[in-house]
Amino acid sequence: MTLRILSIDGGGSRALIPVSILQRLAEKQPNFMEAVDVIAGTSTSGITALILAHASSTENGLNTARELWIQGKKLFSEESKKFEFDTNPEQPLKAIKSTRELWDLGKKLVTSNKLRSVSALTGVCAYFSSDELENALYDIFGEATIADLKRRIIIPALCLGDEDDEHWRPELIHNLDDRFGSLTLVEAALRVAAMPILFPIHSQHTDAAMLANNPALTAVAQVLEFSPGRLDDLRVLSIGTGINPLTLQGSDTDLGYAGWLMDHKIPFALMQATIETNSQLTDYQCRQILTLQHYHRLNPQLARAWLMHEHKAQYIVEATDIAEDISIESTLDWLSVSDWINSHPTPTRRKKS
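Residues numbered from 1 in each chain as written. Predicted model: local features only at pLDDT ≥ 70, side-chain atom pairs only at ≥ 80, totals over all residues. Heavy atoms only, no water.

Draft legend 1. Structural detail: the overall build of the chain. Across its full length, the chain holds 14 helices and 7 strands. Classification of the 353 residues of the chain by burial places 51% in the buried group. Long-range pairs, those at least 24 residues apart, make up 77% of the contacts in the chain between residues at least 6 apart in sequence. Looking at the chain as shown, the accessible area adds up to about 17,400 Å², and 52% of this sits on carbon and sulfur atoms. (Helix = DSSP H or I, 4+ residues; strand = E, 2+ residues; numbered from the N terminus. Buried < 20%, exposed > 50% of the residue type's maximum accessible area, 1.4 Å probe, protein only. Contact = heavy atoms within 4.5 Å. Areas by Shrake-Rupley, 256 points an atom, 1.4 Å probe, with all protein chains shown as cover.)

If you want it as structure tokens, here you go:
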């Protein structure tokens, strides 16, 4: 019996691209999304996966995700909540007792409204506040939890250690068993989308794009843990956020951290290179392990470099155009010959031991 995995790459502000592609596929092949057993997504596409798994229908889920990512410029704002000094006359100012306390007070000031983007350039804080994103997520999910999802999901995050485990580790948030059942969808979404440098760490978790921006192989491994011996039964449809034409050609070869992270032409070049190439490497691995009969990838070519921190209004139109221009005929052909639409069991679900 076939197990079908829909895998969606991370891509920050490019999250609208795969959503728009999925809408085109759903229009041409209305039943293909209903056949999906597991939805995997990284970073902002991890949020898309949660939305699709939470929605009452495919159409509602795709429309909700589309509306969310159309708000990109607002969501990824450089403004945090307005900073206000405590002016209560009955509450006297406390003496600063340590250098750390002075640092914390100063940081609260420099990350205030209108100062965050300037402060971020000095490395004092993340570029964007997650306040607007969190508000939008509450509007979509409310207090719903992983246990409330209507579909299976696998969304990777990076755990920076907690009181029970002091080691950094990848963490796969999923509902193939009940270990994450009580985690709210808002909390899960904020964990998987907290890109280092761009967004603050959330609950000791960050975005896992530098580990598994293309989550296809991660999803395969996780499904096989719960359905061992089923490799030949897997079908994986992988949707990318665009082949990004980035290069350091012509740059100084003797680069330090300033060149790798703060170059004015390609900011965060090291992170960009890691994210873009690990998607390509995962694609190669999946093609070799699963074969093209069981694995298909649709990933548009971007006409220009699209940097991870860019969120401008015109990019919304550009993302839609990219999704509209890419040919989906080979993908529709693959869906028709890959046993995607036939009967589809859900991966075995087992209790947390």
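Further notes follow.
Draft legend 2. Local environment of a negative patch on the surface. On the surface, a cluster of negative charge is made up of Glu27, Asp321, Glu324 and Asp325. No other element matches the 3 residues that helix 13 (residues 313–325) contributes to the negative patch. (Patch = residues over 30% accessible without salt bridge, like charges linked within 9 Å, V, L, I, M, F, W, Y side chains within 5 Å. Salt bridge = Lys/Arg side-chain N within 4 Å of Asp/Glu carboxyl O. Lys, Arg positive; Asp, Glu negative; His and termini not counted. Charge placed at Lys NZ, Arg CZ, Asp CG, Glu CD.)

Draft legend 3. Fine view of the pattern of salt bridges. In this structure the tally under the stated criterion is 10 salt bridges. Among the ionic pairs, Glu276 bridges to Arg14, the shortest N-O distance being 3.2 Å. Of this pair, Glu276 sits in helix 12 (residues 269–290) while Arg14 sits in the loop between strand 1 (3–8) and helix 1 (16–28), placing them 262 residues apart in sequence. The buried category is assigned to Arg14, whose relative accessible area is 5%. Between Arg230 and Asp233 there is a salt bridge; the shortest N-O distance is 2.5 Å.

Draft legend 4. Local environment of the environment of Trp306. Within the fold, Trp306 resides in the loop between strand 7 (295–298) and helix 13. Residue classification places Trp306 among the buried positions, given a relative accessible area of 1%. Ignoring sequence-local partners within four residues, the contact set of Trp306 consists of Ser13, Arg14, Ile17, Asn244, Gln272, Tyr315, Glu318, Ala319 and Ile322.

Draft legend 5. Spatial organisation of helix 12. Helix length check: helix 12 (22 residues) gives 31 Å between terminal C-alpha atoms against 32 Å at 1.5 Å per residue, within 8%. All buried positions along helix 12 are accounted for by Ala269, Met271, Gln272, Ile275, Glu276, Asn278, Ser279, Thr282, Asp283, Cys286 and Leu290. Structurally, helix 12 contributes buried residues whose contacts are with helix 9 (209–212), helix 10 (216–226), strand 6 (234–239), helix 11 (257–261) and strand 7. With its phi angle positive at about 75 degrees, Thr291 sits one or two positions after the end of helix 12. (Expected span 1.5 Å × (residues − 1).)

Draft legend 6. Representation of the packing of helix 10 against helix 12. With their axes 8 Å apart at the nearest point, helix 10 and helix 12 run at an angle of 45 degrees to one another. The angle between helix 10 and helix 12 falls in the class oblique. In contact with Ala216, Leu217 and Val220 of helix 10, helix 12 contributes Thr282, Gln285, Cys286, Ile289 and Leu290. Its residues assigned to classes, the contact of helix 10 with helix 12 shows 6 nonpolar, 2 polar and no charged. (Axes fitted to C-alpha atoms, helices over the stretch in contact; angles between N-to-C directions. Parallel < 35°, antiparallel > 145°, perpendicular 65-115°, else oblique. Nonpolar A, V, L, I, M, F, W, Y, C, P; charged D, E, K, R; others polar.)

Fair warning: the whole summary comes from geometry, so function is off the table for now.
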